Amino acid sequence: LRRDDSYGCAFLLDMDVHVLVLPPCRWLTRARKLVVGSDDLKPASVRGVRAWLRSKATALQYNYTDRMRNFLAPNGDDFRNAHRHLCFTCAIVGGPKSVLLPALHDVVQAYKATWAANVTKQMMVGLDMLLWNNAALAHQESR
């Protein structure tokens, strides 16, 4: 993907995801958007994907960034507009290479750091969602 200039945009999809329409690459490139599918529209205080992520973060002893701690907080009031952010799924991630590749690099580095600190754990269910949500929130903040 890095070496082939014929690809302006790319999407990473879970094997069980069916995509009807992808946004045109020219729109994403112009807007410099990282596209991450949304998984939950409920506020952080309501049982849903965020509550599931909080439970996975606790079980994994996830090393929270401040943005993730606030994003997953049960009370959305302790982060400005946290209750307005979507919870993202890692089943659909994409965008222009100039945006997607740095985000993918950040997620891979976070995986490496997490796995290095948890070498005895063979399966870390939910880690992908935690890391992609952190990357998506970082992208929103940088815009």
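Refer to the structure above for everything that follows.
Quick caveat: nothing in here was measured; it's all calculated off a predicted structure.

A. Structural context of the overall build of the chain. Assigned secondary structure in the chain consists of five helices and three strands. Secondary structure of the chain in N-to-C order comes out as β-α-β-α-α-β-α-α. Long-range contacts, defined as pairs at least 24 residues apart, comprise 74% of the intrachain contacts of the chain with a sequence gap of at least 6. Accessible surface, the chain as shown: approximately 9,000 Å² in total, 54% of it carbon and sulfur.

B. Summary view of the packing of helix 4 (residues 97-117) against helix 5 (residues 127-142). Interhelical geometry of helix 4 versus helix 5 gives an angle of 135° and a closest axis separation of 10 Å. By the angle between their directions, the pair helix 4 and helix 5 is classed as oblique. Considering the relative orientation of helix 4 and helix 5, their crossing is right-handed. Contacts between helix 4 and helix 5 involve Val 99, Ala 103, Leu 104, Val 107, Ala 110, Tyr 111, Thr 114 and Trp 115 from the former and Leu 127, Asp 128, Leu 131, Trp 132, Ala 135 and His 139 from the latter.

C. View of the side chain of Asn 134. Looking at the secondary structure, you find Asn 134 in helix 5. Its relative accessible area of 14% is what places Asn 134 among the buried residues. Apart from the residues within four sequence positions on either side, Asn 134 is in contact with Tyr 62, Thr 65, Arg 67 and Met 68.

D. Spotlight on the environment of Ser 98. By the element assignment, Ser 98 lies in helix 4. Given a relative accessible area of 45%, Ser 98 falls into the partly exposed group. In sequence terms Ser 98 and Thr 29 are 69 residues apart; their C-alpha atoms lie 8.3 Å from each other. Separated by 3.1 Å, the side chains of Ser 98 and Arg 32 make a polar contact.

E. How the structure looks around a nonpolar patch on the surface. Side chains of Leu 13, Val 19 and Leu 22 sit close together on the surface and give an oily, nonpolar patch of about 220 Å² of accessible area. Note that Leu 22 resides in the loop between strand 1 (9-13) and helix 1 (25-31).

F. Spatial organisation of the state of the cysteines. Taken as a whole, this structure holds one disulfide when the rule is applied. Residue pairing for Cys 9: its cysteine sulfur links by disulfide to Cys 25, the two sulfurs lying 2.1 Å apart. Between Cys 9 and Cys 25, the disulfide has an S-S torsion of 80° and is therefore right-handed. Placement of Cys 9 in strand 1 and of Cys 25 in helix 1 is noted, with a sequence separation of 16 residues between them. Residue classification places Cys 9 among the buried positions, given a relative accessible area of 14%.

G. Expanded view of the nonpolar core. Ranked by size, the top nonpolar core spans 27 residues in total, and within it Leu 34, Tyr 62, Met 68, Leu 127, Leu 130 and Trp 132 carry the most contacts. Broken down by element, this core gets its largest block of residues, eight residues, from helix 5. Those residues in contact with Leu 34 that sit more than four places away from it in its chain are Val 93, Gly 94, Val 99, Leu 100, Ala 103, Ala 135, Ala 136 and His 139.

About the thresholds
Residues numbered from 1 in each chain as written. Predicted model: local features only at pLDDT ≥ 70, side-chain atom pairs only at ≥ 80, totals over all residues. Heavy atoms only, no water. Helix = DSSP H or I, 4+ residues; strand = E, 2+ residues; numbered from the N terminus. Contact = heavy atoms within 4.5 Å. Areas by Shrake-Rupley, 256 points an atom, 1.4 Å probe, with all protein chains shown as cover. Axes fitted to C-alpha atoms, helices over the stretch in contact; angles between N-to-C directions. Parallel < 35°, antiparallel > 145°, perpendicular 65-115°, else oblique. Left-handed = near helix turned anticlockwise from the far one by under 90°. Buried < 20%, exposed > 50% of the residue type's maximum accessible area, 1.4 Å probe, protein only. Polar contact = N/O pair within 3.5 Å; in protein donor to acceptor, adjacent residues only side chain to side chain. Patch = residues over 30% accessible without salt bridge, like charges linked within 9 Å, V, L, I, M, F, W, Y side chains within 5 Å. Salt bridge = Lys/Arg side-chain N within 4 Å of Asp/Glu carboxyl O. Disulfide = S-S within 2.5 Å. Core = buried A, V, L, I, M, F, W, Y, C linked by side-chain atoms within 4.5 Å.

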